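# Residue-level structural notes
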Number of protein chains: 2
Amino acid sequence: MKLYELCGADRAVCFSPFVWRVRLALAHKGLAYEAVPTRFRDKDAYAPSGSRTVPVLHDGDAWVGDSWAIAQYLEDTYPDRPSLFGGAPGRGMARFVARFADRVVVRGLFPMIAVDVAAALDDADAAYFRNSREAALGRTLEQAAEDRAAARDALQARLAPLAATLKDQPFVCGDEPAHGDYLLAGPFAWAHLVSPFDPLAGDAVLCDWRARMFALFDDLIGGARRAV
Amino acid sequence: MKLYELCGADRAVCFSPFVWRVRLALAHKGLAYEAVPTRFRDKDAYAPSGSRTVPVLHDGDAWVGDSWAIAQYLEDTYPDRPSLFGGAPGRGMARFVARFADRVVVRGLFPMIAVDVAAALDDADAAYFRNSREAALGRTLEQAAEDRAAARDALQARLAPLAATLKDQPFVCGDEPAHGDYLLAGPFAWAHLVSPFDPLAGDAVLCDWRARMFALFDDLIGGARRAV
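Residues numbered from 1 in each chain as written. Chains lettered and ligands numbered in written order. Predicted model: local features only at pLDDT ≥ 70, side-chain atom pairs only at ≥ 80, totals over all residues. Heavy atoms only, no water.

An unreviewed UniProt entry annotates chain A as Glutathione S-transferase originating from Rhodothalassium salexigens DSM 2132.

The following block contains the structure:
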């Protein structure tokens, strides 16, 4: 099994929030794989998947792109391994958690750390990233970073339902972590691995959950190579 | 089994968003019960529960208050009935859905419909409700209602993760509804039963999901007595 990932100028730095979801899902299922680091411009490497972005999983004859589709593939192809969702309602609600993680967490973090992502990339990827992302943001990456203290406050306000949940139970999925946790931890791994800025500073409940997530699977995120 | 509910001036109007969560959970489990309508000031009726608010469930020797605790009680006490959560990760993620429903949906709807809630209550309850809620809102119920078109836009923006989920699957819990759906449907039942104002107007995906929820269990919400 091969997982196509995104790497920085340092090929050992793997930072994509969507790749991290899959890394955590593979660890949860205890599945070994070979990591294939790619750059933004290396899209030909995984062209058979039909996907233009990582993560892409190549497992035997199967090519699967998109982190949500990969999680479905793993759950359905390896049902004897620990479950990511714990049944149909869990799989359904995980879709909601994924949408919340994408629209609130990834979008919320992006302007705070985009300048640090650019700094972690090699020159060719950094130029592509800066051009495409500054067009999307409508300002320079540096301008976005100047506002990050306010952006952090806004993000933490929108994470209030998550913090309230984690006051009552150690993981989003209850007493033990599962895919609902991985969907949300991926974006925080991304921020941690490229940026010195802490988007959860001051929120003890969320910081504690993040620490639990980073320590899982023998410190998989906590021990990963950082760009900073 | 008795369920203590909240009623309006018309005792047949049951509108509490939290009571509706329990009504839907009981229907999901196929459990019959006797509804006991109460008013805000009738707290002595369910004092043995230790709860000062409805819903309260009285089942044999057990008194259970709080809609989340009642759902746990029903799931654990009646495990042979259809599951509300489908296992541990589903139960964990449902807690997050509940917190999202409380903090985003209930809080978002409240200023839009509070004036209509007051109109649905009998005089003594309406006076209590107006005094306590205007203090919480920092303005009159009428002033809050004047801003409800803008409040609706803000709510719909924060519901984007839910709408994105329901573009991909008919229910929050996947192909079939379960407690994640009931947690979110309760607040929309509340708005529908007391107010002529439609908080989801213009959002076809969310309106379609709501219609599916209202039609469940032989039109349980859709056929309920409205105050308007």
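Structure shown, so let's carry the discussion forward.
On to the relation of the copies chain A and chain B, then. Superposing chain A onto chain B takes a rotation of 180 degrees plus a shift of 0.0 Å along the axis, which leaves an RMSD of 0.0 Å. In symmetry terms, the pair is related by a two-fold rotation axis. For chain A, the minimum C-alpha distance to the rotation axis belongs to A:G90 and amounts to 2.0 Å. Looking at chain A, 100% of its interface residues are interface residues in chain B too, so the copies touch through the same face. (Least-squares fit on C-alpha atoms with pLDDT ≥ 70 in both. Contact = heavy atoms within 4.5 Å.)

Moving on: the sheet that holds strand 4 (residues 62-65) of chain B. All names here are of chain B. Spatial strand order, 2-1-3-4: four strands in an open sheet with mixed pairing. Looking at which strands have only one partner, the edges of the open sheet turn out to be strand 2 (34-38) and strand 4. With direction set aside, neighbouring strand axes in the sheet form an average angle of 20 degrees. Of the pairings in the sheet, the one linking strand 1 (residues 2-6) to strand 2 comprises five bridges and is parallel in character. When the sheet's bridge partners are listed, Y4 is paired in strand 2 with V36. Together, strand 3 (56-59) and strand 4 form the strand contacts of helix 2 (residues 67-77), whose direction differs from that of strand 4 by roughly 135 degrees. (Pairing = 2+ DSSP bridges. Helix = DSSP H or I, 4+ residues; strand = E, 2+ residues; numbered from the N terminus. Axes fitted to C-alpha atoms, helices over the stretch in contact; angles between N-to-C directions.)

The subject of this paragraph is the packing of helix 8 (residues 179-194) of chain A against helix 9 (residues 204-219) of chain A. All names here are of chain A. For the pair helix 8 and helix 9, interaxial distance at closest approach is 10 Å and the crossing angle is 90 degrees. Classified by the angle between their axes, helix 8 and helix 9 sit roughly perpendicular to one another. Mapping the contact onto sequence places D181, Y182, L184, A185, F188, A189 and H192 in helix 8 and W209, R210, M213, F214, L216 and F217 in helix 9. In terms of residue class, the contact of helix 8 with helix 9 is built from ten nonpolar, one polar and two charged. (Parallel < 35°, antiparallel > 145°, perpendicular 65-115°, else oblique. Nonpolar A, V, L, I, M, F, W, Y, C, P; charged D, E, K, R; others polar.)

Let us look at the interface of chain A and chain B. Quoted interface sizes are often the accessible area lost when the parts come together. Taken together, the contact between chain A and chain B spans 29 residues of the former and 29 residues of the latter. Among the residues chain A hides against chain B, the three largest losses belong to A:M93, A:F96 and A:P161. Together they make up 29% of the total. Our count for the chain A to chain B interface comes out at four salt bridges. B:D168 serves as the salt-bridge partner of A:R99, at 2.7 Å between the closest nitrogen and oxygen. At the level of secondary structure, the elements contributing two or more residues to the side of chain A that touches chain B comprise helix 3 (88-120) and helix 7 (160-168) of chain A. At 13 residues, the largest contribution of residues to the side of chain A that touches chain B is made by helix 3 of chain A. Counted by class, the side of chain A that touches chain B contains 16 nonpolar, eight polar and five charged residues. (Buried area = accessible area lost by both parts, 1.4 Å probe. Salt bridge = Lys/Arg side-chain N within 4 Å of Asp/Glu carboxyl O.)

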